[in-house]
Amino acid sequence: FAGLLKGKKGLILGVANNRSIAWGIAKACADAGAELALTYQIEALEKRVRPLAADIGATVVGRCDVSEPETMDAVFAEIEKLWGRLDFVVHCLAYSDKDQLDGRYVETTLENFQMSLNISCYSFTALAQRAERLMTDGGSLLTLTYYGAEKWMPHYNVMGVAKAALEASVRYLAADLGVKNIRVNAISAGPIKTMAASGIGDFRYILRWNEYNSPLRRVVTIEEVGETAVYLLSPMARGVSGEVLHVDAGYHVVGMMNPAAAPK
Ligand code: NAD
């Protein structure tokens with residue numbers, strides 16, 4: 001896929017370390033020829049993000065915590081100074097209080113509900129508002145979701161509700177921005193061992209369950225998600241918008257555990 005994103009300029013949010021899905025996407029986009037800008041959420045992550053950015057020739061455009069709108073404004077001001085325009089934004093972040101990613105959804109507090117929906121869902125719309133002005137030649141917005149938006153999943157709780165709202169936002173943003181040839185899509189990734197995932201109760205069990213029961217009998221990698229992102233961000237997907245594309249080894253088609261696949 002070398003050259004698929006040649007000449008494209010993209011902002012990617014959500015790199016925390018080299019296991020982040022955002023890193024898999026950034027690397028694949030760089031391999032496809034894109035020029036990239038990365039952010040980091042907190043000072044403590046800056047020292048991890050800078051060397052990764054250097055590896056792929058990306059520019060670090062500053063700290064961006066989506067719960068602080070002024071940091072989003074500052075990042076877009078930097079982008080405008082750097083490039084004057086923008087072709088794509090990848091939103092690869094989510095957050096909820098870890099204590100509420102275990103046990104029962106019914107116990108979610110209003111405070112955590114509002115914070116989780118703000119950071120994990122509204123922030124995609126907030127980024128779209130800022131990106132629209134810079135996408136003078138069309139563009140592409142991409143976010144990351146999970147099957148827990150569609151079906152109940154153990155411990156996913158308020159994050160499942162946030163992802164359901166995020167997937168609905170993909171459809172509404174696609175309709176609003178399509179007239180400007182800005183496409184809006186999501187990748188629904190299967191479970192991958194990352195920093196964020198380690199906050200989810202029984203995550204190792206969830207990984208193993210997916211390995212036994214997905215049609216491909218394995219879990220997916222950040223490289224696979226990255227290459228699908230390149231497709232969605234590239235002109236190859238110019239006819240695709242409002243889509244939630246599963247990169248989950250086929251797990252979303254499974255209705256029941258596969259007795260033939262269970263460990264003996
Ligand atoms: P990760 O921990 O590597 O990345 C999460 C990122 O979110 C981090 O970079 C963190 O700094 C950032 N973040 C959290 N709160 C933020 C805030 N207020 N402002 C700005 N950034 C903030 O984990 P990941 O698994 O790569 O997560 C990336 C995305 O992929 C998330 O949306 C997650 O829900 C989604 N996803 C993950 C999986 C999985 O199994 N790992 C599966 C499907 C979808």
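Residues numbered from 1 in each chain as written. Predicted model: local features only at pLDDT ≥ 70, side-chain atom pairs only at ≥ 80, totals over all residues.

**Student:** Please explain the nonpolar core as it appears in this structure.
**Tutor:** Nonpolar side chains in soluble globular proteins tend to end up buried together. Counting 80 residues, the largest nonpolar core has Ile12, Ala22, Ile25, Ala26, Cys29, Val90 and Ala229 as its most contacted members. Apart from the residues lying within four places of it in its own chain, the contact partners of Ala26 are Ile12, Val15, Leu36, Leu38, Ile56 and Ala58. (Core = buried A, V, L, I, M, F, W, Y, C linked by C-beta atoms within 7 Å. Buried ≥ 20, exposed ≤ 12 C-beta atoms within 10 Å, placed from the backbone. Contact = placed C-beta atoms within 7 Å.)

**Student:** So what exactly am I meant to see when it comes to the sheet that holds strand E7 (residues 244–247) here?
**Tutor:** Backbone-to-backbone hydrogen bonds join strands into a sheet, with any given pair of strands oriented parallel or antiparallel. Here 7 strands make up an open sheet; going across it, the order is E3-E2-E1-E4-E5-E6-E7 and the pairing parallel. In this open sheet, the two edge strands, each paired with only one partner strand, are strand E3 (59–63) and E7. In this sheet, adjacent strand axes meet at a mean angle of 20° when their direction is disregarded. The pairing of strand E1 (residues 9–13) with strand E2 (residues 35–40) spans 4 bridges and is parallel. Note that in E2 the partner of Ile12 across the bridge is Leu38. (Pairing = 2+ DSSP bridges. Helix = DSSP H or I, 4+ residues; strand = E, 2+ residues; numbered from the N terminus. Axes fitted to C-alpha atoms, helices over the stretch in contact; angles between N-to-C directions.)

**Student:** I'm lost on the pairing of strand E6 (residues 182–189) in this one. Help?
**Tutor:** The side chains of a regular strand alternate, first on one face of the sheet and then on the other. Of all 8 residues that make up E6, 8 are buried, and the element is covered over most of its length. The side-chain alternation of E6 yields two buried faces, one formed by Ile182, Val184, Ala186 and Ser188 and the other by Arg183, Asn185, Ile187 and Ala189. Of the strand pairs in this sheet, strand E5 (residues 139–145) and E6 are connected by 7 bridges, and their pairing is parallel. Across the sheet, residue Ser140 finds its bridge partner in E6, namely Arg183.

Everything listed here is a matter of geometry and, on its own, says nothing about what the molecule does.
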